[in-house]
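The residues making up each chain are set out below.
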Amino acid sequence: GPFVADNLLMLVGIYKNISVDSETVRHVKMVHGQSKCTLANASHHLSTLYDRFSPYQFLAYWRELWSDYSAMHGDLSKLPPDQYFKLTAAHMKRS
């Protein structure tokens, strides 16, 4: 589907599309305060946030996402593998 296709495009250096999953929605809601973001409308929210970085939208999103992870969990290069689960939308979901 589209998620896999977007990820494959990134492997060949095309960074225009941001793959949308629950983690993407969590990030947009928590970091950008866009509480109405859902899987169904995430592409619109992402467009308003990242189109200014065209054609590198995914790279801008990814850098921001990992900066957010680092702010929450410290130096990610030192995060033990048994703690990787902490970097999932299900774990980071806040009420």
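In this report, we go over the structure that sits alongside the text. Keep in mind it's a predicted model, so treat the numbers as computed, not measured.

## Digging into the overall build of the chain
Alright, step 1. A count of helices and strands for the chain gives 5 helices and 0 strands.
Alright, step 2. The linear arrangement of helices and strands in the chain, starting from the amino end, is α-α-α-α-α.
Alright, step 3. Across its three principal directions, the C-alpha atoms of the chain cover 35 × 30 × 25 Å.
Alright, step 4. Expressed as a percentage of its 95 residues, the buried residues of the chain come to 31%.
Alright, step 5. Look at the contacts in the chain between residues 6 or more apart in sequence, and 41% of them connect residues 24 or more apart.
Alright, step 6. In the structure as shown, the chain presents an accessible area of about 6,200 Å², 59% of it carried by carbon and sulfur atoms.
Alright, step 7. Across the chain, 10 positive and 8 negative side-chain charges occur, with their mean positions spaced 6 Å apart.

## Focus on helix 4 (residues 57–73)
Alright, step 1. Helix length check: helix 4, at 17 residues, gives a terminal C-alpha distance of 24 Å against a target of 24 Å (1.5 Å per residue), a fit within 8%.
Alright, step 2. Within helix 4, burial applies to Q57, F58, A60, Y61, L65, D68 and Y69.
Alright, step 3. The positive-phi residue at the C-terminal boundary of helix 4 is G74, with phi of around 80°.

## Observations concerning the pattern of salt bridges
Alright, step 1. Per the stated rule, a full pass over the model turns up 3 salt bridges.
Alright, step 2. The salt bridge partner of R26 is E23, with a shortest N-O separation of 2.8 Å. Remark: E23 and R26 occur in helix 2 (residues 22–32); sequence separation between them is 3 residues, near one turn of the helix. Assigned by exposure class, R26 and E23 land together as buried.
Alright, step 3. For K78, the salt bridge goes to D75, with nearest N and O atoms at 3.6 Å.

The rules behind each value
- Residues numbered from 1 in each chain as written.
- Predicted model: local features only at pLDDT ≥ 70, side-chain atom pairs only at ≥ 80, totals over all residues.
- Heavy atoms only, no water.
- Helix = DSSP H or I, 4+ residues; strand = E, 2+ residues; numbered from the N terminus.
- Buried < 20%, exposed > 50% of the residue type's maximum accessible area, 1.4 Å probe, protein only.
- Contact = heavy atoms within 4.5 Å.
- Areas by Shrake-Rupley, 256 points an atom, 1.4 Å probe, with all protein chains shown as cover.
- Lys, Arg positive; Asp, Glu negative; His and termini not counted.
- Charge placed at Lys NZ, Arg CZ, Asp CG, Glu CD.
- Expected span 1.5 Å × (residues − 1).
- Salt bridge = Lys/Arg side-chain N within 4 Å of Asp/Glu carboxyl O.

Read these as geometric descriptors, not functional statements.
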